[in-house]
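For reference, the chains in residue letters:
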Protein chains: 2
Amino acid sequence: MNRFLSHATNRIDAKGRVSVPSAFRSVLSDGGVRELYCFQDFVFPAISVGGPELLDRFERQMAAEDPFSPEANEMSLLVHGGGVFVKLDPEGRLMMTDFIRDFTGISTDVMFVGRGDYFQLWEPQAFQKAQAAAREGRKSRGLRPE
Amino acid sequence: MNRFLSHATNRIDAKGRVSVPSAFRSVLSDGGVRELYCFQDFVFPAISVGGPELLDRFERQMAAEDPFSPEANEMSLLVHGGGVFVKLDPEGRLMMTDFIRDFTGISTDVMFVGRGDYFQLWEPQAFQKAQAAAREGRKSRGLRPE
DNA sequence: TCCATTCCCATTGACGCCCATATGGTCCCA
DNA sequence: TGGGACCATATGGGCGTCAATGGGAATGGA
């Protein structure tokens, strides 16, 4: 298993730490990743988390455009400034900073959602709602599940 | 980590000093930079800060445009004439001068925003607004990180 | 001489590292 | 097939270290 799949909910302790699910940790350690890059999702109130190569991907995308264009400048603001690097502690936990809490609404529990190359941090109820809304939208457009 | 990434907010003390985040300081010292060059951003109410080589970067940008265009002329005025050199104190702090305060609106707290080759100083709430606007623009154009 | 800046040292509070405990699931063996 | 030992994960908390901050002393320019 070398990709982030499935989901799990863990509790934040008194110090503001939360364990990354074991399955996700082994994906990370298989990739030799010890520092994580986190940024605000562009659509949902969720934080996306992955290895530094996630940032590389954005930077390639920016490099493809005119590096001095307003669009590139704007994207740099989001990607460089809107992202943070965090480290896991020896037990595989990460800190829930205000940056993460404010954007997601997370308070006591964190839902980890696998997205393939990366995973996301959600406030559990917000995820339920977003999922229900997505289902509803899909249904109303007469689409079948993939 | 040899680039300015992530972000952090620090408080200005009674003497008008503020600590540069440790991660940024190590980037500077790795590059052997002791003196910093600061000037006003062209788009946002923020001060851009970097080593002296930051000048080269923006001179290239100006060279890319018509050197006699009003934009290039304006950039030259800001970069060459509007910039100031500042030094860090032994603890890694810098002074918040009126030059910086007036342009950014900074009063009690400073947000340090990594931009890759350089970093910026923002008034925290102004950053929130600019980022929200950037995200909104991106969303409406239907762009996604992946 | 006065004021502002620079340097030096003290404090404190957050974070990282360590070890301990709980909990749930699995495997083995009777 | 049921019980019990064992293991892995998640969680809780103590403690040391370092970054951020605050304030006093020294320095230098007006």
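Residues numbered from 1 in each chain as written. Chains lettered and ligands numbered in written order. Predicted model: local features only at pLDDT ≥ 70, side-chain atom pairs only at ≥ 80, totals over all residues. Heavy atoms only, no water.

All names here are of chain A. Within strand β5 (residues 83-87), 4 of the 5 residues are buried, leaving the element largely enclosed by the surrounding structure. Alignment of strand β3 (residues 35-40) against β5, held across 5 bridges, turns out to be antiparallel. Its bridge partner being in β5, Y37 is matched across the sheet by F85. (Buried < 20%, exposed > 50% of the residue type's maximum accessible area, 1.4 Å probe, protein only. Helix = DSSP H or I, 4+ residues; strand = E, 2+ residues; numbered from the N terminus. Pairing = 2+ DSSP bridges.)

Mapping chain B onto chain A leaves a residual RMSD of 1.8 Å; the transformation is a rotation of 22 degrees accompanied by 9.2 Å of translation along its axis. The fraction of interface residues of chain B whose copies in chain A are also interface residues is only 12%, indicating that the copies meet through different surfaces. (Least-squares fit on C-alpha atoms with pLDDT ≥ 70 in both. Contact = heavy atoms within 4.5 Å.)

This next bit is on the nonpolar core. Within the largest apolar cluster, 23 residues are counted, with the highest numbers of intra-cluster contacts made by M96, V110, F112, F119 and L121 of chain A. Looking at which element gives the most residues to this core, the answer is helix α1 (residues 22-30) of chain A, with 3 residues. For F119 of chain A, the residues in contact, after removing those within four places along its chain, are F4, V20, F24, I47, S48, V49, F112, V113 and G114 of chain A. Formed by 22 residues, the second largest nonpolar core is a distinct cluster that contains C38, V49, F112 and F119 of chain B. (Core = buried A, V, L, I, M, F, W, Y, C linked by side-chain atoms within 4.5 Å.)

Let's shift gears to the sheet that holds β3 of chain A. Residue and element names in this part refer to chain A. Read from one edge to the other, the open sheet built from 6 strands follows the order β1-β7-β8-β4-β3-β5, with strand pairing classed as antiparallel. Bordering the open sheet on either side are β1 (7-11) and β5, each of which pairs with just one other strand. The mean inter-strand angle of the sheet, taken between neighbouring strand axes irrespective of direction, is 25 degrees. Here strand β4 (residues 47-50) runs beside strand β8 (residues 119-122); their pairing, made up of 3 bridges, is antiparallel. Opposite I47, over in β8, you have L121 as the bridge partner. Contacts between helix α2 (residues 53-64) and the sheet are confined to β3, β4 and β5, with β3 contributing the most and set at about 50 degrees to the helix. (Axes fitted to C-alpha atoms, helices over the stretch in contact; angles between N-to-C directions.)

Residues and elements named next belong to chain A. Orientation of α2 relative to helix α3 (residues 70-81), taken along the N-to-C sense of each, is 175 degrees, at an axis distance of 10 Å. By the angle between their directions, the pair α2 and α3 is classed as roughly antiparallel. Where α2 abuts α3, its residues L55, F58, E59, Q61 and M62 lie against A72, M75, S76, V79 and H80. Broken down by class, the residue content of the contact of α2 with α3 amounts to 6 nonpolar, 3 polar and 1 charged. (Parallel < 35°, antiparallel > 145°, perpendicular 65-115°, else oblique. Nonpolar A, V, L, I, M, F, W, Y, C, P; charged D, E, K, R; others polar.)

Let us now look at the UniProt feature "domain: SpoVT-AbrB" (unreviewed entry) in chain A. Residues and elements named next belong to chain A. If you check UniProt for "domain: SpoVT-AbrB" (unreviewed entry), the listed places come out as residues 7-54 and 83-126 in our numbering. Helix makes up 23% of residues 7-54 and strand 38%, whereas the separation of the span's terminal C-alpha atoms amounts to 20 Å. Measuring from the first to the last C-alpha atom of residues 83-126 gives 21 Å, for a span that is 23% helix and 41% strand. (UniProt positions renumbered as here; feature names shortened; annotations may be inferred.)

Its place among the elements puts R93 of chain A in strand β6 (residues 93-95). Excluding anything up to four places from it in sequence, R93 of chain A contacts D13, R17, V18, S19, V20, K87 and L88 of chain A.

Our next topic: the protein's contact with DNA strand D. Inspection of the region around DNA strand D gives 23 residues, with K15, R17 and S22 of chain A together with D13 and K15 of chain B positioned closest. In DNA strand D, the atoms that sit within 4 Å of the protein are 46% sugar and phosphate, with bases accounting for the remainder. In this structure, a phosphate oxygen belonging to DNA strand D sits 3.0 Å away from a side-chain N or O atom of R25 of chain A. Contact distances for DNA strand D include 3.2 Å between a phosphate oxygen and a backbone N or O atom of S22 of chain B. For the surface near DNA strand D, the elements supplying multiple residues, two or more each, are β1, β2 (17-19) and α1 of chain A together with β1 (7-11), β2 (17-19) and α1 (22-30) of chain B. Of the residues belonging to the surface near DNA strand D, the class tally is 4 nonpolar, 6 polar and 13 charged. (Near = heavy atom within 4 Å. Polar contact = N/O pair within 3.5 Å; in protein donor to acceptor, adjacent residues only side chain to side chain.)

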